[in-house]
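Observations on chain architecture
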Amino acid sequence: MRIAVNTRFLIPGRMEGIGWFTYHTLKIITQKHPEVEFIFLFDRPWDKGFVFGPNVHPVILRPPARHPVLWYLYFEYSIHEYLRRHRCDLFLSTDGFLSLRHKKTPQLAVIHDINFEHHPKFLPPLVRAYYRHFFPRYARHARRIATVSQWSANDLVKTYGVTSSKIDVVYNGASEIFAPISPAEKVSKRQMISDGKPYFIFVGAFNPRKNIEGLFRSFDLFADRIDRDFRLVIVGEKMHWTTSMQDSFRQMKHREKVIFAGRRQGRELNDILAASEGLWFVSNFEGFGIPIVEAFRAGVPVITSTVTSLPEVAGDAALLCNPADHYAIAEAMLRLARDSKLRNALIIKGMNRAKLFTWEDSAVRLWHSIEKTLL
């Protein structure tokens, strides 16, 4: 069997949610199924760390698909031509993009979410237009669809009219590298990152759907009321550092307490996360929300959102707030900072809930979706 896979989000040192989903699930699947030949289709030179075994064969297709016009050329011409010329039993696309021109090879789309249908203003106009034009067509064209939460599955059914029997839920996981650290390690890490001060942490790329303005406003309200000198540590790239985000930051009363830590990964990210007082992840929209599970594994209490998939992921192991209610979010931060019993209870619940979301389980679910696509 030969499976072609869209792996253009496997980029060393720059992976976000889709990249990590691709990395972890494909690493497990390719090693569990040595009898299958996997063709990894990149749009730029690949890193040898992504060639997971002798049954993985990397191929570069051009042009680099980093702009809507180039997306079209890459998927409607380069992918189509590759599948036409090389016999493959399946095309798996872990970012949801398919080749509409290609009809012969069955295609499995992993559509993580369709946030652009509900919050179109969060994306640049051309990107928004491309997504809203093509993703309904991808959903219809796919032999099957995998998505990362039941909420997202229901959203695809409701928004695109896709039959639920065509959709498989493949939850995200979290790396085993995330784990609690010792009290001494916490002191050391806090000394490095926040001059020894306790801090709340946000993990994620800057994007309007992450509610960055709400992060700034709720921290200001929290800092006004707390009797300890807290910091806010923000881990992630300023992917979309919008004017409104900049204005919101400049208007902060306590902006000198905000630490922009940039992108962190692996053990370094775990230690910064595990040394925090809590994870702030009160997004406006998420298909899943991997940082929640990473925090659970690291023994960190979580404040998250009442909307989209986040209650499904968090269960009763986090404090849930309306992302538009900055006062309620600040109150939740105060509760975590002041109530050690609440913190400990949430940490225990979180570590138990994290067992539901593993990359091993994700890989098994995705493989089952592959098998159903081939029926």
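Quick caveat, the model's predicted, so the values are computed rather than measured.

The subject of this paragraph is empty space enclosed by the protein. Over the atoms rolls a probe the size of a water molecule, and in doing so it shows where empty space is left. Scanning the entire structure with this criterion turns up one cavity of 30 Å³ or more. What the largest cavity holds in volume is close to 30 Å³. What lines the largest cavity is simply Ile111, His112, Asp113, Ile114, Thr147, Ser152, Asp155 and Leu156. Looking at which element gives the most residues to the lining of the largest cavity, the answer is helix H5 (residues 150–160), with three residues.

What follows deals with the sheet that holds strand E13 (residues 319–321). Pairing is parallel across the open sheet formed by six strands, whose spatial order is E10-E9-E8-E11-E12-E13. Two strands in the sheet have a free side with no partner beyond their single neighbour: strand E10 (258–262) and E13. Neighbour-to-neighbour, the strand axes of this sheet turn through a mean angle of 25 degrees, independent of strand direction. The pairing of strand E11 (residues 278–281) with strand E12 (residues 302–305) spans three bridges and is classified as parallel. From the neighbouring strand, leucine 279 faces E12, where its bridge partner is valine 302. Contacts between helix H7 (residues 212–225) and the sheet are confined to strand E8 (199–203), strand E9 (231–235), E10 and E11, with E9 contributing the most and set at about 165 degrees to the helix. Against the sheet, helix H12 (residues 326–338) engages E8, E11, E12 and E13, with an angle of about 165 degrees to E13.

Reading guide: rules and limits
- Residues numbered from 1 in each chain as written.
- Predicted model: local features only at pLDDT ≥ 70, side-chain atom pairs only at ≥ 80, totals over all residues.
- Heavy atoms only, no water.
- 1 Å grid on protein atoms, 1.4 Å probe; cavity = no way out; pocket = protein on both sides within 12 Å on 5 of 7 lines; lining within 4 Å.
- Points joined across faces, edges and corners; volume = space filled by probe spheres on them.
- Helix = DSSP H or I, 4+ residues; strand = E, 2+ residues; numbered from the N terminus.
- Pairing = 2+ DSSP bridges.
- Axes fitted to C-alpha atoms, helices over the stretch in contact; angles between N-to-C directions.
- Contact = heavy atoms within 4.5 Å.

By themselves, these observations are geometric and do not establish any function.
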